[in-house]
Amino acid sequence: MDTSAGLISAALVDAAVVEEATRRTWAEVDLDALAGNVAAVRAILRPGCALMAVVKADAYGHGVVPVARAALDAGASWLGVATVREGVALRRAGVTAPVLVLGAWDPAELMDAARWNLQLTIASAEGLEAVLRAAPPVGLHLKVDTGMTRLGLRPGEVVPALDRLAAAGAVVSGCYTHLATADDADPSAAVEQLRRFEAVLPEVRARFPRAVAHAANSAAALAFPHAHYDLVRIGLALYGLPPAPHLAGLALRPVLRLRSRVVRVARVSAGTSVSYGARYRARRETTIATVACGYADGYPRRAGEGGQVWMGGRRVPVAGTVCMDYLMADLGDGPAAVGEVVDLLGEQVRADEVAARAGTVAYEVLCGIGPRVPRVYLRGGRPVQVDLRDV
């Protein structure tokens, strides 16, 4: 890695590197699809409502700097991260848009947040005290715990906190909450959370008139248009997946495609066992293709049970237990060749489907794609150079 040149090796910056990366397993990140998803969400927002692209956890495994830039170019005006360190990485890469640290932080990070012009969440009583002691020159967003019971001040703590912040001359730039059940078919719990949030908003605006209010994530942006307020935070929808089956009204496209190659083809007889535990046995003579992607690359081990991959223009079943570095596919009498490309995640087999097979959620599948998997960034279907300066 040549950090002096301001590039990181995970960025595929020329055709030779792309060719080398595609010999095993790689992830293609379609920046055009991401821009289309931003546009689709913006089209349903009320006039004047801004959009925050949530790019925490390395943009859900997609690559934070290219995704952040593409989202901003497409019309997002805020970025959301989980930690101060994630925010600093964006600033080092030259990103100047407003960045909100959505998670908890250590008091020792306050000066870094001020230095890099990051906005911080007051997520606890302890965080409030730290801000009041240090009085850092940063924008603050007061988070209200309306029922998630994870981070934030309880509604009854909000007014005393606002009065203390106002007396200290702090800048409260925003106030928000997080909905625990916005993706649920029963809206009652989310409606109650919004009621609690709206009860404290007049108190916020009486003291800090310019504070932006936000509550809606991807699911709430679709389910509760009245909760768009000043800003909507989108995560899963940004990456092209509906936040719930009943909220599939937007024309979203998966941004990431996890691809690999066949490294071995074997014709086997009926009864032949495949993979660890010998739990999978061929029902008849068949072709087994070994694919160079396993759970160390991010394909969930449990997803192999009943899972499918896309190969040769069709779905084929995963055969046996997914290994650390490989999985096997049962092709029946279909053709296969060493070097053939296999799609494990993408438009043909979506991350939420794989997640369901693994007993988890699409967020975990996307975030779990391992660091040894190179990301290839596409525009117009072709790899593009990506500069990740100083990240």
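Every chain's residues receive numbers from 1 upward, in the order its sequence appears when written. Local features in this predicted model are restricted to residues of pLDDT 70 or higher, and side-chain atom pairs are both shown and tallied only at a pLDDT of 80 or more, whereas totals for entire chains, interfaces and linings draw on every residue. The side-chain figures draw on all heavy atoms in the structure; neither hydrogens nor water molecules are used.

Some remarks on the overall build of the protein chain
Strands here mean DSSP runs of E at least two residues long; helices mean DSSP runs of H or I at least four residues long; both are numbered from the N terminus. In terms of helices and strands, the protein chain carries 12 helices and 19 strands. For a compact globule of 391 residues, the expected C-alpha radius of gyration is about 21 Å, and the protein chain comes in at 23 Å, within 12% of that figure. Residue burial is assigned from relative accessible area. The probe radius is 1.4 Å, only protein chains are included, and a residue is buried under 20% of its type maximum, exposed over 50%, and partly exposed in between. Burial analysis of the protein chain (391 residues in total) assigns 52% to the buried set. For the protein chain, the share of sequence-separated contacts (at least 6 apart) that also reach a separation of at least 24 residues comes to 68%. Areas reported as accessible are Shrake-Rupley estimates using a 1.4 Å probe. Residue values count occlusion only from the protein chains shown. If you sum the accessible surface of the protein chain, you get close to 16,900 Å²; carbon and sulfur atoms cover 51% of it. Charge counting treats Lys and Arg as positive and Asp and Glu as negative, with His and both chain ends excluded. Taken as the charge location is NZ of Lys, CZ of Arg, CG of Asp or CD of Glu. Counting 42 positive and 39 negative side-chain charges, the protein chain places the centres of these two groups 2 Å from one another. Computation of the radius of gyration draws on C-alpha atoms alone. For the globule rule, the value is 2.2 Å times the number of residues to the power 0.38. Any two residues whose heavy atoms approach within 4.5 Å are treated as being in contact.

Concerning the side chain of R233
Checked against the element boundaries, R233 lands in strand β9 (residues 231–234). Each reported salt bridge corresponds to a side-chain nitrogen of Lys or Arg within 4 Å of a carboxyl oxygen of Asp or Glu. Despite its burial, R233 pairs with no opposite charge; the closest candidate is D230, at 11 Å N-O. Here a polar contact is taken to be a pair of N or O atoms separated by no more than 3.5 Å, where protein atoms must pair a possible hydrogen donor with a possible acceptor and residues adjacent in sequence count only if both atoms sit in side chains. A polar contact of 3.0 Å, which involves the side chain of R233, links it to the side chain of H214. Beyond its immediate stretch of four places on either side in the chain, R233 contacts M52, V54, L102, Y176, T177, H178, H214, A215, A216, N217 and S218.

So, the environment of V172
Tracing the backbone through its elements, the reader meets V172 in strand β7 (residues 171–176). Take V172: its relative accessible area is 5%, and that puts it in the buried class. In this structure the C-alpha to C-alpha distance between V172 and V65, which are 107 residues apart in sequence, comes to 27 Å. What V172 contacts, discounting residues up to four positions off in sequence, is L140, L165, F208 and A211.

Describing empty space enclosed by the protein
Here a cavity means grid points, on a 1 Å grid over the protein atoms only, where a 1.4 Å probe fits yet cannot get out; a pocket means an open set of points with protein on both sides within 12 Å along at least five of seven lines; lining residues are those with an atom within 4 Å of a point. Grid points are joined across faces, edges and corners, and a volume is the space filled by probe spheres set on the points. As enumerated under the stated definition, the model contains 1 cavity of 30 Å³ or more in all. Within this model, the largest cavity holds a volume of roughly 60 Å³. Looking at the largest cavity, the residues that line it are H62, Y239, L241, P254, V255, L256, L345, G346, R350, A351 and L366. Each residue is assigned to one of three groups, with Ala, Val, Leu, Ile, Met, Phe, Trp, Tyr, Cys and Pro labelled nonpolar, Asp, Glu, Lys and Arg labelled charged, and all others, Gly among them, labelled polar. Broken down by class, the residue content of the lining of the largest cavity amounts to 8 nonpolar, 2 polar and 1 charged.

A short note on the nonpolar core
Across soluble globular proteins, nonpolar side chains show a tendency to be buried alongside one another. For the purposes of this section, nonpolar cores are sets of buried Ala, Val, Leu, Ile, Met, Phe, Trp, Tyr and Cys residues that join through side-chain atoms within 4.5 Å. Within the largest apolar cluster, 123 residues are counted, with the highest numbers of intra-cluster contacts made by V55 and Y299. What V55 contacts, discounting residues up to four positions off in sequence, is V64, V67, A68, L79, G80, V81, L90 and Y239. If you look at the next biggest cluster of nonpolar residues, it comprises 8 residues, including V268, A282, A319 and M328.

Here's the deal with the pattern of salt bridges
Under the defined criterion, the tally for this structure stands at 21 salt bridges. Residues E353 and R315 are paired through a salt bridge, measuring 2.8 Å at the closest nitrogen-oxygen approach. Pair noted here: E353 is in helix α11 (residues 351–358) and R315 is in strand β15 (residues 314–317), with a separation of 38 residues, a long-range link. Assessed through its relative accessible area of 32%, R315 is described here as partly exposed. Three or more residues are tied together by salt bridges with common partners; here these are R24, D297, D325 and R372.

Description of the packing of helix α2 (residues 31–42) against helix α4 (residues 64–74)
The interhelical angle for the contact between α2 and α4, taken along N-to-C directions, is 45°, at an axis separation of 9 Å. By the criterion of interaxial angle, the relationship of α2 to α4 is oblique. The element α2 and its partner α4 pack so that their crossing is right-handed. Within the contact between the two elements, α2 uses L31, L34, A35, V38 and R42 and α4 uses P66, V67, A70, A71 and A74. Residue composition of the contact of α2 with α4, grouped by class: 9 nonpolar, no polar and 1 charged. Orientation is described by lines fitted to C-alpha atoms, with helices fitted over the stretch in contact, and by angles between N-to-C directions that extend from 0 to 180 degrees. Relative orientations are named as follows: roughly parallel for angles under 35 degrees, roughly antiparallel for angles over 145 degrees, roughly perpendicular for angles from 65 to 115 degrees, and oblique for any other angle. Helix crossings are classified by the rotation of the near helix relative to the far one: an anticlockwise turn of less than a right angle makes the crossing left-handed, while a clockwise turn makes it right-handed.

So, the environment of V316
Counting through the fold element by element, V316 comes out in strand β15. Given the relative accessible area of 1%, V316 is considered buried. Placed 18 residues apart in sequence, V316 and G334 show a C-alpha to C-alpha distance of 9.4 Å. For V316, the residues in contact, after removing those within four places along its chain, are G307, Q308, V309, M311, A329, D330 and L331.

Side note on the pairing of strand β13 (residues 286–291)
With 6 of 6 residues buried, β13 lies mostly within the body of the structure. In β13, alternate side chains face the same way, and those of T286, I288 and T290 on one face and T287, A289 and V291 on the other are all buried. Strands were regarded as paired on the criterion that DSSP finds at least two bridges between them. Note that strand β10 (residues 256–268) and β13 share 6 bridges and pair antiparallel. Bridge assignment links V262 to a residue of β13, and that residue is V291. Of the strand pairs in this sheet, β13 and strand β16 (residues 327–332) are connected by 5 bridges, and their pairing is antiparallel. Across the sheet, residue V291 finds its bridge partner in β16, namely L327.

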